[in-house]
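Close look at the chain arrangement
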Amino acid sequence: MTYPIVRYGNPVLERPAETVKEFDTPELKKLLEDMFESMYAAKGVGLAAPQIGIGRRIAVIDPTNGQDEAQRLVLINPEIIEKEGRLYEEEGCLSFPEIREKVVRHARVRIRAQDEHGKWFEMDGEDVLSRCFQHEIDHVDGMLFIFRMSALKRDLNLRKIRKMQREGKW
Ligand SMILES: [Zn+2]
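Quantities reported herein were computed from a predicted structural model and do not represent experimental measurements. (Residues numbered from 1 in each chain as written. Predicted model: local features only at pLDDT ≥ 70, side-chain atom pairs only at ≥ 80, totals over all residues. Heavy atoms only, no water.)

Describing the coordination of the zinc ion
Cut-off, in case you're wondering: Any N, O or S atom lying within 2.8 Å of the metal counts as a donor, and for Na, K and Ca the limit rises to 3.2 Å; water is left out, so some sites can look incomplete. For helices the rule is a DSSP run of H or I covering at least 4 residues; for strands it is a run of E covering at least 2, with both sets numbered from the N terminus onward. Exposure is judged per residue with a 1.4 Å probe applied to protein chains only, and the accessible area is read against the type maximum: over 50% gives exposed, under 20% gives buried, and values in between give partly exposed.
Around the zinc ion, the protein contributes the donor atoms Cys93 (SG), His135 (NE2) and His139 (NE2), at 2.0 to 2.2 Å from the metal centre. Mapped onto the polypeptide sequence, the residues donating to the zinc ion form the spacing pattern C-x41-H-x3-H. Of this pair, Cys93 sits in the loop between β4 (87-92) and β5 (100-105) while His135 sits in helix α2 (residues 127-140), and the two are 42 residues apart along the sequence. Here Cys93 falls in the buried class, since its relative accessible area comes to 10%. Assessed through its relative accessible area of 7%, His135 is described here as buried.

Considering the pairing of strand β2 (residues 58-61)
Formally: Between any two strands, pairing holds if DSSP finds at least two bridges.
By the alternation rule, side chains of β2 split into Ile58 and Val60 and Ala59 and Ile61, which are all buried. Pairing between strand β1 (residues 46-48) and β2: three bridges, direction antiparallel. Bridge pairing links Ala48 to Ala59 in β2. With four bridges connecting them, β2 and strand β3 (residues 73-84) associate as antiparallel partners.

What to know about the pattern of salt bridges
Under the convention used in this document: Salt bridge, as used here: a side-chain nitrogen of Lys or Arg that lies within 4 Å of a carboxyl oxygen of Asp or Glu.
Under the defined criterion, the tally for this structure stands at 19 salt bridges. For Arg105, the salt bridge goes to Glu91, with nearest N and O atoms at 2.8 Å. Pair noted here: Arg105 is in strand β5 and Glu91 is in strand β4, with a separation of 14 residues, a long-range link. Across the salt bridge formed by Asp124 and Arg110, the nearest N and O atoms sit 2.9 Å from each other. With Asp124 in strand β7 (residues 120-126) and Arg110 in strand β6 (residues 108-114), this residue pair connects regions lying 14 residues apart in the sequence. A relative accessible area of 37% means that Asp124 is categorised as partly exposed. A network of salt bridges, in which partner residues are shared, links Glu82, Glu84, Arg108, Arg110, Glu122 and Asp124.

Now the structure itself:
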């Protein structure tokens, strides 16, 4: 099933999500399938559970958006354990349609996370994947990319969002 994507303004996006403690359940398996389906439908490359209104520490990533299933990644209870360098590239977010802005990120991160069976693994990400990891881990921490922008850009975008909200476009 495809979930609608929750937009900025919904408090679920700004609450730290809850740790997942049960693995290998039919319910978790179904949720992960639904998360991939919802991400592909929205044409995204990453999706965190709070973005479909579920406050749990789960993210799915597929930099190919469904072109190559081997690149699918499931991150449960993910965290950054090493970071280095700096990137300043444009990002978007499914919860902020039509908004793209440059944000500062680490150029390389090492993360640790659990897979759908609860097994811990570590993984390195550079460039796009590094940004993806940081963006999705921010989501499960209740942090949004608009708050990683410069104050000027953030205020401009918040004004743009408020205008869209008034016009019923958000
Ligand atoms: Zn996002």
